[in-house]
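# Close look at the chain arrangement
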There are 2 protein chains.
Amino acid sequence: MKITFCCADTRIEPWLRDFSAALPDATFTDWLTTREATPPADYAVVWAPPQTFFDSQPSLKAAFNIGAGVNAILALPRVPVIPLVRLEDAGMAAQMVDYVAHAVLRHFREFDAFETTAKAGEWKKRRPLKRVDFPIGVLGLGALGSHVAKVMKAFDFPVLGWSNSRKHIEGVRTFHGAGQLDAFLAQTRVLVCLLPLTPETDSLINAATLNKLLPGAYLINVARGAHVVDADLLAAIESAHVAGATLDVFRTEPLPPEHAFWKSPKITITPHISAVTLREESVEQIAGKMLALERGETISGVVNTNRGY
Amino acid sequence: MKITFCCADTRIEPWLRDFSAALPDATFTDWLTTREATPPADYAVVWAPPQTFFDSQPSLKAAFNIGAGVNAILALPRVPVIPLVRLEDAGMAAQMVDYVAHAVLRHFREFDAFETTAKAGEWKKRRPLKRVDFPIGVLGLGALGSHVAKVMKAFDFPVLGWSNSRKHIEGVRTFHGAGQLDAFLAQTRVLVCLLPLTPETDSLINAATLNKLLPGAYLINVARGAHVVDADLLAAIESAHVAGATLDVFRTEPLPPEHAFWKSPKITITPHISAVTLREESVEQIAGKMLALERGETISGVVNTNRGY
C-alpha cells in the first residue's frame, strides 16, 4: 500500500512515524517535499491540498482529510472523483464540548466581569442571571452539534437546535430547513454555530439573522469563519442587540493583525483551537479505514460532494 | 405560625414578600430590626445569626439556614438544641457544576494563556494537553460533590472522589476516611474542595496535603475558606508544585484588600458566588418544610450537630 501525505501547516514527521507503526507494510511519501516527482500513491492523507496535488496523483483510491471540514477540498476548481473521507470524531467532539461549554458558562456566569473587578482588587457580587433567560440555539446538528446540544441540556439550559434535515434529540426543541430558521432564531439567545460550510450556509450569520435573535444575544462560532459576515456582527455588537461573541474561526486565518475583531472588547478570539486533530486517534481511525478499503469493505465518513459534507 | 428572620448581609424585604405569599396565614418579624423586643416565634429563617438571637428566642421549634453550610451556627458558644435545617440544593447544585466545570475547562484548555496572546493581537496556537493527564479529585461527595464528580466524568476526565464515609459513584474511583486520603491525593491533579467545614476538615488543604498532589496540581475551592491554609497554598504555588488556584471562598470575607491572594497572577478570585441562594427556590423549600413540621411530619436536611453537616 502506497500512501502520500499532503498536509499544509502540519509537521509531518510525527504523522509519518505513527502511520508507519500502524501500517508497517505500507510505504510513505511527503508530496509537499517531492511535489510532481512523487510516485503515484494508493491513498492520500491531506489537509488543504492544492489542485496540483490531485492533478499529479491520478491513481488515488481515496483521500483522507485530517479534519472534519472538507470545504477547502470542495472549493478546488476540479474536485477529484474519488472518495473523500472526513475525520469522524477522533476526540474532536469532547474538545468541542469543552470549548462551547466554557464559552457559554463564562458568558452566563459573567466571569469576565468578575475577573475585571478582581483585577482591581474589588470584592463585588452580582445578581445571578436566570438559566431560563439563556436559551441556547445550536446551528447544525451533526455529530458535533448533537453532542454539544445534549451537554448544554445537561447543564439545565433550555436548548434548541436547527439543522438542514429533521433531527430528534431528547430534551432539545429541534427545527429544520430554511422555513423553520426564523422561528429557531427568534427563540435563541446564545447562538452556537457548528454548521458545515456549504454554499447554503456561507454568510448565514448576517445582519438579518443576527437581528432575529433575542435581545442581548451572544454568538459562539466554532465552525468556519465564512459562516459570519464580519461587518454585520460588528454592527450588531455596536448596536448592543448582540452582547458579544466568542470566535474560534475566521474568514482569513491567522486573523490579520488589522482586523477589527482584535480591537472589540466584546469579542473573545482564539486561534482555531476549539477542536484540534489529535494525531494518535486520527491515525488509528484512518489506518483502520485504509485496511477496510483494501479488504473491499465500505467505510463511514465518505463526503457527499453534492451536499458538501 | 410565627416566623422570625435573622439573616446577616441579606436584603430582607423580598424574602418577606415571598414568604408571605407562600404562607399567607403566618406572621413575620425581622429580629435584626427589633432585636430582643421581637416576640417569640415558632420558626426562624437564619444566615449567620448571633448567639443573642437564639438566647432571646426560646420558643423556636426549628431554624432554617438559607445556605448549605451551617458552620457559622455550629461555631456559636451555645448551639441551640432545636433542629437546624440546611438548604438542600434549591438550584445550588447546577450553579456549583457551572462554576467548577468552567474553572476546570479554563485551566485544562489554557484559555487564560489564549486570552493573554489575543490581547496582544497575537495568533498563537498551543499543543493541546491530554485529558488523561488531568485526573480530577473531588474532596467531599455530598449532594454537590457527587453532582460535580458525575459531570466532570461526562467531560471524559478521569475522576476520583474522597469522602468521610464510603460512597459509590458510577465511573468515579472513590476513597474514604483518613486512611485513604493520601492515596486519593497522590492520584489527583485538579483538587476540587466541596467538603463541609468541621473540626476534622478545617485546614485540611495545607503544605502536607498539597505536596502529595501530582506535580502541576490545581486547586478549586468552593467550600469554605478555612479549609485552606493560605500561606501554604501561596508557598506551593511559589514552588510551582501547584500551578494555580481558583478560589471562591476565604477565611475572611470580603477578602481583605491587603491579602496576598489578590496579587498572585496564578490565583483566580471570585466573591463567594459559586452557588448563591436562589430566593424563589429556597422559599418554596423552606415554607414546604415548615408546613410539614406543623403537620407532624419528618423533614430532610436536618443537620447532625455532632457530625457538623
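Up top is the structure.
Residues numbered from 1 in each chain as written. Chains lettered and ligands numbered in written order. Predicted model: local features only at pLDDT ≥ 70, side-chain atom pairs only at ≥ 80, totals over all residues. Heavy atoms only, no water.

## Examining the overall build of chain A
Stated precisely, the cut-off is as follows: In DSSP terms, a helix is any run of H or I states spanning at least four residues, a strand is any run of E spanning at least two, and both are numbered starting from the N terminus. Here the globule rule reads 2.2 Å times residues to the power 0.38, and the radius of gyration is calculated from C-alpha atoms. Exposure classes here rest on a 1.4 Å probe applied to the protein chains alone. A residue is buried below 20% of its type maximum, exposed above 50%, and partly exposed in between. The criterion used for residue contact is that any of the two residues' heavy atoms lie within 4.5 Å. In this description, accessible areas are obtained by the Shrake-Rupley approach with a 1.4 Å probe, and a residue is regarded as covered only by the protein chains that are shown.
In terms of helices and strands, chain A carries eleven helices and twelve strands. In terms of C-alpha radius of gyration, chain A reaches 21 Å, essentially the compact-globule figure of 19 Å for 309 residues. With respect to the principal axes defined by its C-alpha atoms, chain A has extents near 65 × 45 × 35 Å. Scored against the burial criterion, the 309 residues of chain A give a buried share of 53%. Partitioning the intrachain contacts of chain A with sequence separation of at least 6 by distance along the chain shows that 61% fall at a separation of at least 24. Counting only carbon and sulfur atoms, one obtains 54% of the accessible surface of chain A, whose full area is about 13700 Å².

## Details of helix α5 (residues 92–108) of chain A
Residue and element names in this part refer to chain A. For clarity, the cut-off: One fewer than the residue count of a helix, multiplied by 1.5 Å, yields its expected span.
Helix length check: α5 (17 residues) gives 24 Å between terminal C-alpha atoms against 24 Å at 1.5 Å per residue, within 8%. For α5, the tally of buried residues reaches 16 of 17 residues, placing the bulk of the element in the interior. Just downstream of α5, glutamate 110 is the residue with a positive phi angle, here 60°.

## Some remarks on the relation of the copies chain B and chain A
Going by this rule: The copies were overlaid with a least-squares fit restricted to C-alpha atoms from residues scoring a pLDDT of at least 70 in each copy.
Once chain B is rotated about the relating axis by 180° and shifted along it by 0.0 Å, it coincides with chain A to within an RMSD of 0.1 Å. This pairing of chains is accounted for by a two-fold axis. Minimal C-alpha separation from the rotation axis in chain B is found for histidine 102 of chain B, amounting to 2.7 Å. Comparing interface residues between copies, 100% of those in chain B also lie at the interface in chain A; the contact surface is shared.

## Notes on the packing of aromatic side chains
Going by this rule: A pair of Phe, Tyr and Trp rings is counted when the ring centres sit within 6.5 Å of each other, with Trp represented by its six-membered ring. The angle between the planes then sorts it: under 30 degrees is stacked, over 60 is edge-to-face, the rest tilted. The criterion for a charge sitting over a ring is simple: Lys NZ or Arg CZ within 6 Å of the ring centre, and within 35 degrees of the ring normal.
Under the counting rule described, the total for this entry stands at 27 aromatic pairs over all chains. Measuring from centroid to centroid gives 6.2 Å for phenylalanine 250 of chain B and phenylalanine 261 of chain B, while their planes differ by 55°, and the two rings are tilted. Here the residue phenylalanine 250 of chain B occupies a position in the loop between β11 (242–247) and β12 (267–269), and phenylalanine 261 of chain B occupies one in the loop between β11 and β12, the gap between them amounting to eleven residues. One exposure class covers both phenylalanine 250 of chain B and phenylalanine 261 of chain B, and it is buried. The structure contains a cluster of three or more aromatic residues connected by ring pairs, namely Phe5, Phe19 and Phe28 of chain A. Looking at arginine 307 of chain A, its charged tip hangs above the ring of tyrosine 309 of chain A, at a distance of 4.1 Å from the centre.

## Here we look at the sheet that holds strand β10 (residues 217–221) of chain A
All names here are of chain A. Definition in use: Two strands pair if DSSP finds at least two bridges between them. Axis definition: a line fit to C-alpha positions, over the contact stretch in the case of helices; interaxial angles, taken between N-to-C directions, run 0 to 180 degrees.
Reading across from one edge, β8-β7-β6-β9-β10-β11-β12 is the order of the seven strands in this open sheet, with parallel pairing throughout. On the outer flanks of this sheet lie β8 (173–176) and β12 (267–269), each paired with one strand and no other. Ignoring strand direction, the axes of neighbouring strands in this sheet form an average angle of 15°. Those strands touched by α5 are β6 (136–139), β9 (190–193), β10 and β11 (242–247), and its axis lies near 160° from that of β10.

## Points about unusual backbone geometry
Glutamate 253 of chain A connects to proline 254 of chain A through a cis peptide bond whose omega is -10°. Note that proline 254 of chain A resides in the loop between β11 and β12. Within the chain, alanine 48 of chain A stands out as a residue other than glycine whose phi angle is a positive 50°. A positive phi angle, near 55°, is found at aspartate 9 of chain B, a position not held by glycine. In this structure, aspartate 9 of chain B sits in the loop between β1 (2–7) and α1 (12–22). Owing to a relative accessible area of 82%, aspartate 9 of chain B belongs among the exposed residues under this scheme.

## Notes on the environment of valine 85 of chain A
All names here are of chain A. With respect to the helices and strands, the residue valine 85 is situated in strand β5 (residues 84–85). For valine 85, a relative accessible area of 3% translates into the label buried. Placed 40 residues apart in sequence, valine 85 and valine 45 show a C-alpha to C-alpha distance of 9.5 Å. Non-local contacts of valine 85, meaning those with residues more than four positions away in its chain, are made with Ala63, Phe64, Asn65, Lys289, Ile299, Ser300, Gly301 and Val302.

## A few points about the pattern of salt bridges
Filter applied, for reference: What makes a salt bridge here is a side-chain nitrogen of Lys or Arg within 4 Å of a carboxyl oxygen of Asp or Glu, nothing more.
A complete count under the given rule lists 29 salt bridges over all chains for this structure. For aspartate 18 of chain A, the salt bridge goes to arginine 17 of chain A, with nearest N and O atoms at 3.4 Å. Using a relative accessible area of 52% as the deciding quantity, one classes arginine 17 of chain A as exposed. Aspartate 98 of chain A is paired through a salt bridge with arginine 131 of chain B; the nearest N and O atoms lie 2.7 Å apart. In this pair, aspartate 98 of chain A sits in helix α5 while arginine 131 of chain B sits in the loop between α6 (111–119) and β6 (136–139), so the two residues belong to two different chains.

## Here we look at the environment of arginine 126 of chain B
Residue and element names in this part refer to chain B. Convention followed: In protein, a polar contact means a hydrogen-donor-capable atom and an acceptor-capable atom, both N or O and within 3.5 Å, with residues adjacent in sequence counting only if both atoms are side-chain atoms; elsewhere, any N or O pair within 3.5 Å suffices.
Relative to the helices and strands, arginine 126 is located in the loop between α6 and β6. Along the backbone, arginine 126 and glutamate 110 are 16 residues apart, and their C-alpha atoms lie at a distance of 8.7 Å. With sequence-adjacent residues up to four places away left out, arginine 126 is seen in contact with Glu110, Ala113 and Phe114. Polar side-chain contacts of arginine 126 include one of 3.0 Å to the side chain of glutamate 110.

## Description of the packing of α1 of chain B against helix α11 (residues 279–294) of chain B
All names here are of chain B. Inclusion rule: An angle counts as roughly parallel when it lies under 35 degrees, as roughly antiparallel when it exceeds 145, as roughly perpendicular when it falls between 65 and 115, and as oblique in every other case. For any helix crossing, the convention is left-handed if the near helix is rotated counterclockwise from the far helix by under a right angle, and right-handed if that rotation is clockwise. Residues were grouped as follows: Ala, Val, Leu, Ile, Met, Phe, Trp, Tyr, Cys and Pro as nonpolar; Asp, Glu, Lys and Arg as charged; and all remaining residues, including Gly, as polar.
For the pair α1 and α11, interaxial distance at closest approach is 10 Å and the crossing angle is 45°. The angle between α1 and α11 falls in the class oblique. For α1 against α11, the interelement crossing comes out right-handed. Here Pro14, Trp15, Arg17, Asp18, Phe19 and Ala22 of α1 lie close against α11, whose contacting residues are Arg279, Glu280, Ser282, Val283, Ile286, Ala287 and Met290. Among the residues making up the contact of α1 with α11, the classes are represented as eight nonpolar, one polar and four charged.

## A few points about the interface of chain B and chain A
Short version of the rule: What gets called buried area is simply the loss in accessible area from a 1.4 Å probe that two parts show on being joined, summed for both.
Each partner contributes residues to the interface: chain B has 42 residues there, and chain A has 42 residues. In total, about 3500 Å² of surface goes out of reach between chain B and chain A, with carbon and sulfur atoms giving 65% of it. If you look at where chain B meets chain A, you find six salt bridges. As a salt-bridge pair, glutamate 280 of chain A and lysine 130 of chain B come within 3.4 Å of each other at their nearest N and O atoms. For the interface between chain B and chain A, the tally reads 18 residue pairs in polar contact (both at pLDDT 80 or more). Counting residues per element, the ones that place at least two in the side of chain B that touches chain A are α5 (92–108) and α6 of chain B. For the side of chain B that touches chain A, the leading source of residues is α5 of chain B, giving ten residues. Split into classes, the residues belonging to the side of chain B that touches chain A amount to 23 nonpolar, six polar and 13 charged.

## Considerations on the nonpolar core
Here is the rule: To form a nonpolar core, buried Ala, Val, Leu, Ile, Met, Phe, Trp, Tyr and Cys residues must be joined to one another through side-chain atoms within 4.5 Å.
With 118 residues, the main nonpolar core has Phe19, Phe155 and Phe157 of chain A together with Phe19, Phe155 and Phe157 of chain B as its most contacted residues. Judged by nonpolar contacts, the second largest core, of 32 residues, contains Leu191, Val242, Ala245 and Leu255 of chain A.

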